[in-house]
Amino acid sequence: MYSNYDFNQAIEGVAYAAMWTVVSLILAIIGGVLVYFLFIKGKDLNLSAGLTKLRDLLDFKIMLIEPILKILYLVITIFVILISFNFITTNFLSFLLTLLLGPVIVRIIYEASLMLVMIWKNTKIIADNTAKVKENPEKKKKMEDKEN
């Protein structure tokens, strides 16, 4: 059956995996802290346009979720429509329900998740405008005059 050699090899494999996991965790913590303080929060850096975009991406000023959600919506909708044809031979009613209601349900779920992205965008715009008004007191006075 199993020899002692196979058992020892398995133990060594687990030990190496555990050791590499610990080393990886320590390196990831050190690297994450260094990248955060030296690259993301380093305000005095003169960066190229590509590195500036990378910094904005790592600082979550650029969000990737919106294009990913759009692609997922299209893929899942096409999948639901195509999979509905699988039901033609078994149950025509389930085919029609899947064909008609499937894309509607996918759209509702997509719109609900996209609302979170839109809330984030609008909040970001409000925060940016508030910061601009705080920096420029003349604008604040003009806005107050418009209100009165």
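Residues numbered from 1 in each chain as written. Predicted model: local features only at pLDDT ≥ 70, side-chain atom pairs only at ≥ 80, totals over all residues. Heavy atoms only, no water.

Trainee: Can you walk me through helix 4 (residues 92-135) in this structure?
Mentor: Side chains of residues three or four places apart in an α-helix project in the same direction, reflecting 3.6 residues per turn. If you check helix 4, its first and last C-alpha atoms are 64 Å apart, about what 44 residues at 1.5 Å a residue would give, namely 64 Å. Of all the bends found along helix 4, the most pronounced is centred on Leu101 and spans about 35°, while Pro103, a proline, follows it within four residues. Those residues of helix 4 lying buried are Phe95, Thr98, Gly102, Pro103, Val106, Tyr110, Leu114, Val117 and Val133. At the N-terminal boundary of helix 4, the capping side chain belongs to Asn91, with an oxygen 3.2 Å from the backbone nitrogen of Leu93. (Helix = DSSP H or I, 4+ residues; strand = E, 2+ residues; numbered from the N terminus. Expected span 1.5 Å × (residues − 1). Bend = angle between axes of the 7 residues up to and from the residue. Buried < 20%, exposed > 50% of the residue type's maximum accessible area, 1.4 Å probe, protein only. Polar contact = N/O pair within 3.5 Å; in protein donor to acceptor, adjacent residues only side chain to side chain.)

Trainee: What exactly am I supposed to notice about the side chain of Arg55 here?
Mentor: Of note, Arg55 is situated in helix 2 (residues 49-58). The side chain of Arg55 sits in the buried core without any salt bridge; Asp56 is the nearest counter-charge, 4.9 Å away. (Lys, Arg positive; Asp, Glu negative; His and termini not counted. Salt bridge = Lys/Arg side-chain N within 4 Å of Asp/Glu carboxyl O.)

Trainee: Would you explain the packing of helix 3 (residues 65-84) against helix 4 in this entry?
Mentor: The relative placement of two packed helices comes down to the angle between their axes together with the axis-to-axis distance. Across the interface, helix 3 lies against helix 4 with an axial gap of 8 Å and an inter-helix angle of 175°. When the axis of helix 3 is compared with that of helix 4, the two are roughly antiparallel. On helix 4, the residues that touch Ile65, Glu66, Leu69, Lys70, Tyr73, Ile76, Thr77, Val80, Ile81 and Ser84 of helix 3 are Phe95, Thr98, Leu99, Gly102, Pro103, Val106, Arg107, Tyr110, Ser113, Leu114, Val117 and Lys121. For the contact of helix 3 with helix 4, a count of residues per class yields 13 nonpolar, five polar and four charged. (Axes fitted to C-alpha atoms, helices over the stretch in contact; angles between N-to-C directions. Parallel < 35°, antiparallel > 145°, perpendicular 65-115°, else oblique. Contact = heavy atoms within 4.5 Å. Nonpolar A, V, L, I, M, F, W, Y, C, P; charged D, E, K, R; others polar.)

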